[in-house]
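Structural features, examined
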Amino acid sequence: MVDVLLHHIHLELQRGHPLQDLMLKACGNLSVFIWTHELLPPDILLLALIDRDDNPHALRIVINLLDSKELQQRVKLYLINRGPPEHWLSSGPFKRVELQKALGNYLSWKERYPTFFDDIAARLLPIIPLIIYRLVENDAMDAADRALQVYSTFLHYYPLNFTFVRDILAYFYGHLPGKLILRILNILDIKKIPFSESFPQHINSSNAAMCPPLDYFATLLLGLVKHVIPALNNSSKCAAMGDFANNSMRAPHGKIQATSQPGPTNSSEGQKPYYQMQDPGTFTQLTLETAVIELLSLPVCPSQIVSALVQIVVHIQPTLVQSSNGLHGAPGSSGQGSILPTSPSGGSSDSLGATRTTPSVSGMNTSNFVSRSGYTCQQLSCLLIQACGLLLAQLPPEFHVQLYVEAAHIIKESWWLTDAKRSVGELESAVSYALLDPTWAAQDNTSTAIGNVVALLHAFFCNLPQEWLEGTHLIIKHLRPVTSVAVLRIAFRIMGPLLPRLANAQTLFSKTLSLLLNILVDVFGRNSQLSAPIEATEITDLIDFLHHVIHYEGQGGPVQASSKPRSEILALFGRATENLRPDVQHLLSHLNSDANSSIYAATHPKIVQTP
C-alpha cells in the first residue's frame, strides 16, 4: 500500500500538482484510515514508510504523521494512564485501560493480544527510535529535533532508552549538532544516571573548542576503578565481571596478590565481554556506559579526548606518588626504591628529572585519589591504566585511530629512543625492563611512559571485538620505519598478545604476522642501515616467540608435541627470509617448508609433499 501511495504521489507531481497539496491529501486520508476507521495500524505503517527512505516523500509523510494531533493525543492519554515510567513499582494491581480504547478495533477482536505493547501508543515505543535514526541518517536534523522534543517524555517508557542514547551517539558520532545531542540526553532521567558532577557545565560550555581539564578525565577513570574494574581483593570490593579480570589483570610481584576470580557473582552476565551486552542491567554496566555517553557528548574532537586520557596514563605513576607523599619539588626521590639495578628510573637519579620528562600532569588534582580509591598508589596506577583501556574500547573507531597515533607518537618521542648519548646496551636494558611487566614496574615506582602505553594498549585490545582488531595494524605503520632492536621489541610486545587470539581468524593472523616480519626486515634486512651493528643472537627470544605462535595457530590452541604450522604460514616465512641478513636467516631456517633445509620438515616428514 505504501509503495502504491508513493508511486501515486510521483505520478501526480509529473502531472503538475503541487507537492504540498498532495502531502496534505495523503496524510489526511491516512489519518482517516488510522484513527476514524482504525483499519491501519500506525506502528506498521510508520515502519513501512521509513523502510522506503530512498523515496524523498516517505519521510515527509512520517514527519506529518508524528505531528498529527490525534497521535499526540493518544500519547498524552497513555502518559496520564500509566503514571511515572516506573509504574510497576506502585503497590496494588495495575488498572488496564478499557480494551477497546487501548487496542483499537483492528486488534480488539483477536483472541491473543500483544503481551507488552498492549496499546496503540505503546506499540510506537520501539518505532520512534527507529524513526529518529532514519531522520538523522537522511540529514533531517530539524525534524529529528522536533520529534524528540515532542516525544522525549514518552520515550522515558521505552525499556531500552539508555541503549538508544548510547548507540545513536556512537553510530552518528561527529555528525550530530550540539543542540540535538542535548535533546537526545533529555530522553534519560538525568537524576538517576551517575553522570560526573562537572559534566553539565562541559556539555553546555559556550567555548566548544575547550577540552575539559585532565582532572575531569581522571575522575571519570577513578569512577571506573571503583565500580567497574574487578577488585584486587574480594573482601574490600565486590567485582561484577570475570572476563576482564581473567584476561588482563596481573598482580604486581611481591607486594600484592591480585585474584583472577571476581567477587561473589552468580550471573552469567559477568562472564560476557562488555560489547556483547545490550542494556545496563547492573550498576557496573551503567557506570561504564555513562562514562561512554559523557565522552561521546563532549563538544570536542576525539584527538583531544584521547590525548588527555593517554597523558594521564603516561604520567600516572609519578603523579600519584608525588601527591600521596606530598612531593612537589624532588621527583627523583620517587624512584629510589628500585629492586633491579637495570631499572631506568631506579638506576639513575635523572630518569625522572625535569630534564627528561614531566613527572606529574598539570591540571590534574590527584591529592585525594589514593585515599578515595582504597588502594596504594602503585595498585591504583595499574587499575587506572586498565580502566582507560576498557573505556577506550567502548568508543567508536574514530577514537581508536587517534589512540594508535598518540601511542606511536609517545613511543617514538621517548627520551630513551631519542637520546644519542645512551649506549645500545643501556637502551636495550631500559626498554626490556619497561616491557617485562608494567605492573612490576609500577610496584617499585619505575613505571615508564613506554611501559604504561603498552599496558594501555593491551588493556584496550583485550576488550575489543575481533572485527575491530584489524585496525590495530595502524600503530605499527606509525612506528615504521623501525631502525633499532628496542623499537622492534616494542612492536612485538604490542602485537604479540594479539596473535594467539587471532589463531581462528587465519586471514587476520597472516596479515598481522606478515606485518611483524616486515619490521624484522626493517632492522635485520640485507640493506638495513643501523647506527651500531647488532648481533642476530640479540633476538633469539623473538624467533622463539614466532616459532611457538605459529605452532599455536596450526594447532588451534595450546601447543602439543604433535603441533605443526600450516604450510601457508611457512611459505610466508620463506618469502620474508629472502630479504634478511644471512645470520638471521639461519635463526629462521627451521621455519621453512623446504624438506632439504628445514629442521621442522626433517622431524615431521608428514608435511613434505611427496611427488
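Presented here is an overview of the structure given in this document.

Reading the values: rules and limits
- Residues numbered from 1 in each chain as written.
- Predicted model: local features only at pLDDT ≥ 70, side-chain atom pairs only at ≥ 80, totals over all residues.
- Heavy atoms only, no water.
- Helix = DSSP H or I, 4+ residues; strand = E, 2+ residues; numbered from the N terminus.
- Buried < 20%, exposed > 50% of the residue type's maximum accessible area, 1.4 Å probe, protein only.
- Contact = heavy atoms within 4.5 Å.
- Areas by Shrake-Rupley, 256 points an atom, 1.4 Å probe, with all protein chains shown as cover.
- Core = buried A, V, L, I, M, F, W, Y, C linked by side-chain atoms within 4.5 Å.
- Disulfide = S-S within 2.5 Å.
- Salt bridge = Lys/Arg side-chain N within 4 Å of Asp/Glu carboxyl O.
- Polar contact = N/O pair within 3.5 Å; in protein donor to acceptor, adjacent residues only side chain to side chain.
- Axes fitted to C-alpha atoms, helices over the stretch in contact; angles between N-to-C directions.
- Parallel < 35°, antiparallel > 145°, perpendicular 65-115°, else oblique.
- Left-handed = near helix turned anticlockwise from the far one by under 90°.
- Nonpolar A, V, L, I, M, F, W, Y, C, P; charged D, E, K, R; others polar.
- Phe/Tyr/Trp six-rings, centres within 6.5 Å; stacked < 30°, edge-to-face > 60°.

1. Overview of the overall build of the protein chain
The number of helices and strands found in the protein chain is 32 helices and zero strands. Expressed as a percentage of its 611 residues, the buried residues of the protein chain come to 52%. When contacts within the protein chain are restricted to residue pairs at least 6 apart in sequence, long-range pairs at least 24 apart make up 73% of them. For the protein chain, the exposed surface amounts to about 28,500 Å²; the carbon and sulfur share of it is 53%.

2. Some words on the nonpolar core
Grouped together as the largest cluster of nonpolar side chains are 175 residues, with contacts concentrated most on I61, L488, I494, L513 and F524. Beyond its immediate stretch of four places on either side in the chain, I494 contacts I411, V454, L457, H458, F461, I475 and L479.

3. So, the state of the cysteines
Summed over all chains, the structure comprises zero disulfides. Summary of cysteine pairing: C211 is not part of a disulfide, and the nearest cysteine sulfur, belonging to C301, is at 7.9 Å.

4. Quick look at the pattern of salt bridges
Enumeration over the complete set of coordinates arrives at 19 salt bridges. When the shortest N-O distance is used, the salt bridge between R566 and E568 registers 2.7 Å. In the salt-bridge network here, residues are joined through shared partners; they are D3, D51 and R52.

5. Notes on the side chain of S68
Note on placement: S68 falls in the loop between helix 4 (58-66) and helix 5 (69-82). On the accessibility criterion, S68 (10% relative accessible area) is buried. Within polar-contact distance, the side chain of S68 engages the backbone oxygen of L65 at 2.6 Å.

6. Topic: unusual backbone geometry
At the junction of R480 and P481, the peptide bond is cis and its omega measures out at 5° in the coordinates. Along the chain, P481 falls in the loop between helix 25 (473-479) and helix 26 (485-495). At D139, a residue that is not glycine, the phi angle is positive and equals roughly 60°. Along the chain, D139 falls in the loop between helix 8 (127-137) and helix 9 (141-155).

7. A short note on the environment of L214
With respect to the element layout, L214 can be found in helix 13 (residues 214-227). Assessed through its relative accessible area of 14%, L214 is described here as buried. Distance from L214 to Q311, taken between C-alpha atoms, is 8.5 Å for residues 97 residues apart in sequence.

8. What about the packing of helix 3 (residues 42-51) against helix 4?
In contact at an axis separation of 8 Å, helix 3 and helix 4 are set at 150° when each is read in the N-to-C sense. Taken together, helix 3 and helix 4 sit at an angle that is classed as roughly antiparallel. Crossing angle aside, the handedness with which helix 3 passes helix 4 is left-handed. Across from L45, L46, L49 and I50 in helix 3, the residues of helix 4 making contact are A58, L59, I61, V62, L65 and L66. Class assignment for the residues of the contact of helix 3 with helix 4 results in ten nonpolar, no polar and no charged.

9. Observations concerning the environment of C27
Structurally, the position occupied by C27 is in helix 2 (residues 19-36). With residues near it in sequence (within four places) discarded, C27 still touches I61 and N64.

10. Looking at the packing of aromatic side chains
Inspection of the entire model under this criterion finds twelve aromatic pairs. Both rings, one in Y171 and one in F172, keep their centres 4.9 Å apart while their planes meet at 90°; by these two values the pair is edge-to-face. On the basis of relative accessibility, which here comes to 60%, the residue Y171 falls in the exposed class. Accessibility expressed as a relative area gives 8% for F172, which makes it buried. When the ring of F460 is compared with that of F461, the centres are 5.9 Å apart and the planes differ by 55°; the resulting orientation is tilted. On the accessibility criterion, F460 (0% relative accessible area) is buried. An aromatic cluster is present here, built from Y78, Y151, F154 and Y157 joined pairwise through their rings.

11. Quick word on the side chain of S31
Turning to its location among the elements, S31 is positioned in helix 2. Residues contacting S31, with those up to four places away along its chain left out, are T36 and L65.

12. Here we look at helix 10 (residues 161-171)
Of all eleven residues that make up helix 10, eight are buried, and the element is covered over most of its length. All of the buried residues along helix 10 are N161, F162, T163, F164, V165, R166, I168 and L169. Those residues of helix 10 that are buried lie in contact with helix 8, helix 9, helix 11 (178-185) and helix 15 (283-297).

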